[in-house]
Number of protein chains: 2
Amino acid sequence: MPRDDVTKIVLDESEIPTAWYNILPDLPGEPLPPLHPGTMEPVGPADLAPLFPESLIMQEVSTDRWIDIPGPVLDVYRLWRPSPLYRARRLEQSLGLAGKQRIYYKWEGVSPAGSHKPNTAVPQAYYNKEAGIRRLTTETGAGQWGSALSMACAMFDLECEVFMVKVSFDQKPYRRVLMRTWGATVHASPSKETQAGRNILEASPDSTGSLGIAISEAVEIAAQNDDTSYALGSVLNHVCTHQTVIGLEAKKQMEAFEDKPDVVIGCVGGGSNYAGMSYPFAMDVLNDNAQMRFLAVEPEACPTLTRGTYAYDFGDTAGTTPLMPMYTLGHDFVPAPVHAGGLRYHGDAPSLCGLVKAGMYEAKAYAQVPVFEAAVQFARAEGFLPGPEPAHAVRAAMDEALAAREADEERVILFNLCGHGHFDMSAYDAHLSGKLGDVALAEEELQAALANLPPQPQPA
Amino acid sequence: MPRDDVTKIVLDESEIPTAWYNILPDLPGEPLPPLHPGTMEPVGPADLAPLFPESLIMQEVSTDRWIDIPGPVLDVYRLWRPSPLYRARRLEQSLGLAGKQRIYYKWEGVSPAGSHKPNTAVPQAYYNKEAGIRRLTTETGAGQWGSALSMACAMFDLECEVFMVKVSFDQKPYRRVLMRTWGATVHASPSKETQAGRNILEASPDSTGSLGIAISEAVEIAAQNDDTSYALGSVLNHVCTHQTVIGLEAKKQMEAFEDKPDVVIGCVGGGSNYAGMSYPFAMDVLNDNAQMRFLAVEPEACPTLTRGTYAYDFGDTAGTTPLMPMYTLGHDFVPAPVHAGGLRYHGDAPSLCGLVKAGMYEAKAYAQVPVFEAAVQFARAEGFLPGPEPAHAVRAAMDEALAAREADEERVILFNLCGHGHFDMSAYDAHLSGKLGDVALAEEELQAALANLPPQPQPA
């Protein structure tokens, strides 16, 4: 039986992981390479050089299982890491559970930016600074990533230029102020700053934007300026790798609780927080040292894993990135403006998609209203206010527990509460006022978006 | 020399203090009693019975040095306590300090409500629930206290009705939503819900409100309903006592750093966060076991300790509370609507005022602009975004360090970073846009407010 005398496990600073886990060498089958859209040949490090410093490109393609975390990155991690891991006793009580179903959560909202995003923003800023870069550009949806990069740039004395998806820019004015407080410049995307943005605005002057569009804008500026790099907050291998500090800590903390998860849950927008939480556990399963379930949760308005197609697609809307093998809704798909802005992405991390395709990871989609109902129940029980994105994981964790109770099965559930909702109060306001709509993606809209997939490579 | 290998000290849950420290028996001289405004006789427990449960009244008048923390309160504290204590290495670096001047801060922003306020909200909700109370009423300025009580009421299944100072109600819409998410009802004060509110609105329809007015409203409803108690977020002895978990933890953490503060700093609105941080250190000074300085920081717009008069005054605007011996700007003084809403109170905790009067505690007032400049510098160095209230303490800590560097003196500075500024982004926006005014209190306005002090007791 698990320890019953503690609510949370906090680890000492000395227990921050000193290496990230890279899942690439452990993935089932030969990984499909990203392709150059012109030649349809595998993308090499040279193709990425206009956007990223060499150190990050080498991490992106690395097949080393462990990658050392540099000292200056660890020094910043110390500000909030290790993050605490909780047994959700009060939530369990509010669900009428009696200990046979147990819910644990990792709390990443303790970082200065309020989410897991600094776990990769900090090393990305560090490596760019080391490479002599002066400025970083990026996109942000809900604003979590843009905030994290703004903070990281302040700490490593880099300029930071953020393209923020317009719907979030308008819904979350205070996120902009937060980024400006850390010294960043913030544009609503689509913007007039870039050719990609101007093209979109010409075709759709009222565009609410999307992560895909914002990526196109940020990439364009980085590609055109030698002193400027691009920083991506999710999807790429090196980003998922940086996030594994979450799961590596969580494994130690679950051991300290003397308990083992049966199912590991996280929300998925581009996949980084869930990769970070789940890959260190998946490592044991892939190496036949453990058995457990993995459940990725996404919004019905942007159901990449549950209704998308597994194909090569661009990472951005304008079609400027390499083609990546992933589940996709089509690179020019613009999701409905749901409040979980960080989950409004047409694709997902290729590594995560591979695990779903292999049948090892399950996926589930939820509508907004039940997600916010779960978030409010969680907040009243545990105190902490979930962001709309991890509220999807809260909903799924509650449903897993209730299903197990129904079946009278023991079940240990671990989820990643990857950020707080302090800058999402307009969403809570809409929910509490009964104004939140459920926006499932219509089949015809999905088919129209999928019709625009780029040409696929021919089987050899 | 202090430990140089760690950034923060986190304690295990088992090191949460199990008793609060009550400074009353250690205060210099015989404490002046609160007086009944009608009889001018000392107030007894019976006078407080319409507002508070007996258990809290007994704590209010207790002269026991230690008061046990009930188990169910400790169980909630475990959600975020012990809070971390940091060496502000990055801030020191940004100030050009080289280790001779060292800055430490206790970080209370990790609580679900984002500040130190739950330290007393939770026990107050617990004791009221135990006493069979169904509903709590309260006032809130910046919203930190109202949020904390809303959360605590959700956890102990109590209704919660919050009167929020109108200027903050308008400046901080998302604070209202936060309180509603935890299940509370929120009114802008002055409101039409109470006679006190209606009287103010009749005289000043455009009143921006004040903590004094909001207290009058909350007290009125509690006094008129048997199933309803009033809960105060500061000033009273039992509130300051509950907050001493901050300083008790901080002492252990400073010991773990192998360092000792020369000066302990906190912002003061009603006095509770600073009392909570400083009293456990003051205990050692009062018992001749240590020497150190204490510095209370307040806004120039509401300079209670630096320009107020030490006299008996009401705690609220309508004159319904007992008369308390304290520094005051006059109970009907309405401070300018500065963004540090939690510091807009005409009086201060009598215990804290006594220590200022005795010359043991120093006080200093700051204008808004230098305070926000310090907050931005802190955020860019340490990551965390200070609330406008503790930003006053940040400013003072930085100035102490710079003055010591100027004098080439060693100085160890400890301050309480009592809450985050996530719901204060309109204030940061105003600052970053150069729209923040410095609003010092005019002497004629001060004299006019002081002219309305109630009759003072005659010397025996």
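Structure: see above.
Note that the coordinates shown come from a computational prediction; the quantities given were computed from them, not determined experimentally.

1. Here's the deal with the overall build of chain A
Okay, step 1: Tallying secondary structure elements over chain A gives 19 helices and 15 strands in all.
Okay, step 2: Across its three principal directions, the C-alpha atoms of chain A cover 60 × 50 × 50 Å.
Okay, step 3: Split into buried and exposed, the 460 residues of chain A put 67% on the buried side.
Okay, step 4: A fraction of 77% describes how many contacts in chain A between residues 6 or more apart in sequence connect residues 24 or more apart.
Okay, step 5: When the accessible surface of chain A is split by element, carbon and sulfur atoms take 49% of a total near 15,000 Å².

2. As for the interface of chain B and chain A
Okay, step 1: Listed per partner, the contact involves 48 residues of chain B and 48 residues of chain A.
Okay, step 2: Summed over both sides, the interface of chain B with chain A buries roughly 4,100 Å², with 57% coming from carbon and sulfur.
Okay, step 3: Per-residue buried area on chain B facing chain A is highest for Leu79(B), Tyr174(B) and Thr181(B); these three make up 16% of the total on that side.
Okay, step 4: At the surface where chain B touches chain A, the tally comes to four salt bridges.
Okay, step 5: In this structure, Glu13(B) and Lys8(A) form a salt bridge, with 3.7 Å as the shortest nitrogen-oxygen distance.
Okay, step 6: Of the residues assigned to the side of chain B that touches chain A, the class counts are 27 nonpolar, 10 polar and 11 charged.

3. Looking at the sheet that holds strand β14 (residues 361-366) of chain A
Okay, step 1: Here we have seven strands laid out as an open sheet, ordered β1-β4-β5-β15-β10-β11-β14 (chain A), and mixed in their pairing. Edge positions in the sheet fall to β1 (8-9) and β14 of chain A, since each of these pairs with one other strand and no more.

4. Side note on the nonpolar core
Okay, step 1: Counting 163 residues, the largest nonpolar core has Ile103(A), Ile265(A), Phe415(A), Ile103(B), Ile265(B) and Phe415(B) as its most contacted members.
Okay, step 2: Residues contacting Phe415(A), with those up to four places away along its chain left out, are Ile103(A), Tyr104(A), Tyr105(A), Lys106(A), Ile265(A), Met277(A), Phe378(A), Ala393(A), Val394(A) and Ala397(A).

5. A short note on the pairing of strand β6 (residues 135-140) of chain B
Residues and elements named next belong to chain B.
Okay, step 1: In terms of residue burial, β6 counts as a mostly covered element, since six of its six residues are buried.
Okay, step 2: Going residue by residue along β6, you find Arg135, Thr137 and Glu139 tucked away on one face and Leu136, Thr138 and Thr140 tucked away on the opposite face as well.
Okay, step 3: The pairing of β6 with strand β7 (residues 159-165) spans six bridges and is classified as parallel. Bridge assignment links Thr137 to a residue of β7, and that residue is Glu161.
Okay, step 4: On the question of chirality, the crossover connecting β6 to the parallel β7 by way of helix α6 (residues 144-155) is right-handed.

6. Re the relation of the copies chain B and chain A
Okay, step 1: Between chain B and chain A, the superposition needs a rotation of 180° and an axial shift of 0.0 Å, giving an RMSD of 0.0 Å. Look at the turn and shift together and you get a two-fold axis relating the two.
Okay, step 2: Taken as a fraction of all interface residues of chain B, those also at the interface in chain A reach 100%, which identifies the copy contact as same-surface.

7. A few points about unusual backbone geometry
Okay, step 1: Arg81(A) connects to Pro82(A) through a cis peptide bond whose omega is -10°.
Okay, step 2: For Pro82(A), the location among the structural elements is in the loop between α3 (71-77) and β4 (85-87).
Okay, step 3: A cis amide bond, omega 10°, links Ser189(B) with the succeeding residue Pro190(B).
Okay, step 4: With a phi angle near 55°, Glu258(B) is a residue other than glycine that sits in the positive phi range.
Okay, step 5: With respect to the element layout, Glu258(B) can be found in the loop between α12 (245-256) and β10 (263-267).
Okay, step 6: A positive phi angle is found at Asp288(B), which is not glycine, with a value near 60°.
Okay, step 7: With respect to the helices and strands, Asp288(B) occurs in the loop between α13 (272-286) and β11 (293-299).
Okay, step 8: What makes Asp288(B) exposed here is its relative accessible area of 69%.

8. Some words on the pattern of salt bridges
Okay, step 1: If you walk through the whole model with that rule in mind, you get 55 salt bridges over all chains.
Okay, step 2: Ionic pairing is found between Arg87(A) and Glu92(A), a salt bridge with its closest N-O pair at 2.7 Å.
Okay, step 3: Using a relative accessible area of 5% as the deciding quantity, one classes Arg87(A) as buried.
Okay, step 4: A relative accessible area of 4% means that Glu92(A) is categorised as buried.
Okay, step 5: Residue Lys166(B) is joined to Asp170(B) by a salt bridge in which the shortest nitrogen-to-oxygen separation is 2.8 Å. Of this pair, Lys166(B) and Asp170(B) both sit in helix α7 (residues 166-171), four residues apart, which is roughly one turn of the helix.
Okay, step 6: A residue is classified by how much of its surface remains accessible, and Asp170(B), at 48% relative accessible area, is partly exposed.
Okay, step 7: Shared partners join several salt bridges into a network, and the residues in it are Arg293(A), Glu362(A), Glu400(A), Glu409(A) and Arg411(A).

9. Things to note about the environment of Glu60(A)
Residue and element names in this part refer to chain A.
Okay, step 1: As for its placement among the helices and strands, Glu60 is situated in helix α2 (residues 54-61).
Okay, step 2: Residues Glu60 and Thr241, 181 residues apart in the sequence, show an inter-C-alpha distance of 8.9 Å.
Okay, step 3: Residues in contact with Glu60, not counting those within four places in the same chain, are Leu24, Leu236, Asn237 and His238.

10. So, the sheet that holds β10(B)
All names here are of chain B.
Okay, step 1: An order of β1-β4-β5-β15-β10-β11-β14 is seen for the seven strands of this open sheet, with the pairing classed as mixed. Taken across any chain shown, the strands that pair with only one partner, and hence form the sheet edges, are β1 (8-9) and β14 (361-366).
Okay, step 2: Bridge count between β10 and β11: five bridges; the pairing is parallel. Pairing of Cys267 across the sheet is with Val297, part of β11.
Okay, step 3: Across the face of the sheet, α12 comes into contact with β1, β4 (85-87), β5 (101-107) and β15 (411-417) while running at roughly 140° to β5.

11. Section: the packing of helix α16 (residues 368-382) of chain A against helix α17 (residues 388-406) of chain A
All names here are of chain A.
Okay, step 1: Where α16 contacts α17, the axes come no closer than 8 Å and their chain directions differ by 85°. By the criterion of interaxial angle, the relationship of α16 to α17 is roughly perpendicular. Across the interface between the two elements, Pro370, Val371, Phe372, Glu373, Ala374, Ala375, Gln377 and Phe378 from α16 touch Pro388, Ala391, His392, Val394, Arg395 and Met398 from α17.
Okay, step 2: Here the residues of the contact of α16 with α17 are counted per class, giving 10 nonpolar, two polar and two charged.

Cut-offs applied
- What you see as residue numbers is a count from 1 along each chain, following the sequence as written.
- For naming, the first written chain is A and the first written ligand is 1, with later ones following in the order written.
- Local features in a predicted model are, by the rule used here, given only for residues with pLDDT of at least 70; side-chain atom pairs are given and counted only at 80 or more, and totals for whole chains, interfaces and linings are based on all residues.
- Excluded from the side-chain calculation are hydrogens and water; included are all heavy atoms of the structure.
- Put simply, DSSP H or I for four residues or longer makes a helix, DSSP E for two residues or longer makes a strand, and each gets a number counted from the N terminus.
- Note on classification: 1.4 Å probe, protein chains only; a residue is buried when its accessible area is under 20% of the maximum for its type, exposed when over 50%, partly exposed between these limits.
- Contacts: residue pairs with any heavy atoms within 4.5 Å of one another.
- Working definition of accessibility: Shrake-Rupley area with a 1.4 Å probe, residue cover restricted to the visible protein chains.
- Throughout, the accessible surface (probe 1.4 Å) given up by two parts as they are put together, summed over both, is called the buried area.
- Note on definitions: salt bridges are taken to be side-chain nitrogens of Lys or Arg within 4 Å of carboxyl oxygens of Asp or Glu.
- Under the grouping applied here, Gly and all other residues not named as nonpolar or charged are polar, the nonpolar ones being Ala, Val, Leu, Ile, Met, Phe, Trp, Tyr, Cys and Pro and the charged ones Asp, Glu, Lys and Arg.
- At least two DSSP bridges between two strands are required for those strands to pair.
- Take the buried residues of types Ala, Val, Leu, Ile, Met, Phe, Trp, Tyr and Cys, join any two whose side-chain atoms come within 4.5 Å, and each joined set is a nonpolar core.
- Here, the term right-handed applies to a crossover whose path from the first strand over the helix to the second runs clockwise when the strands point away from the viewer.
- Residues reaching a pLDDT of at least 70 in both copies supply the C-alpha atoms on which the copies are superposed by least squares.
- Helix axes use the C-alpha atoms of the stretch in contact, all axes being lines fitted to C-alpha atoms, and the angles between their N-to-C directions lie in the range 0 to 180 degrees.
- Any angle between 65 and 115 degrees counts as roughly perpendicular, while under 35 counts as roughly parallel, over 145 as roughly antiparallel, and the rest as oblique.

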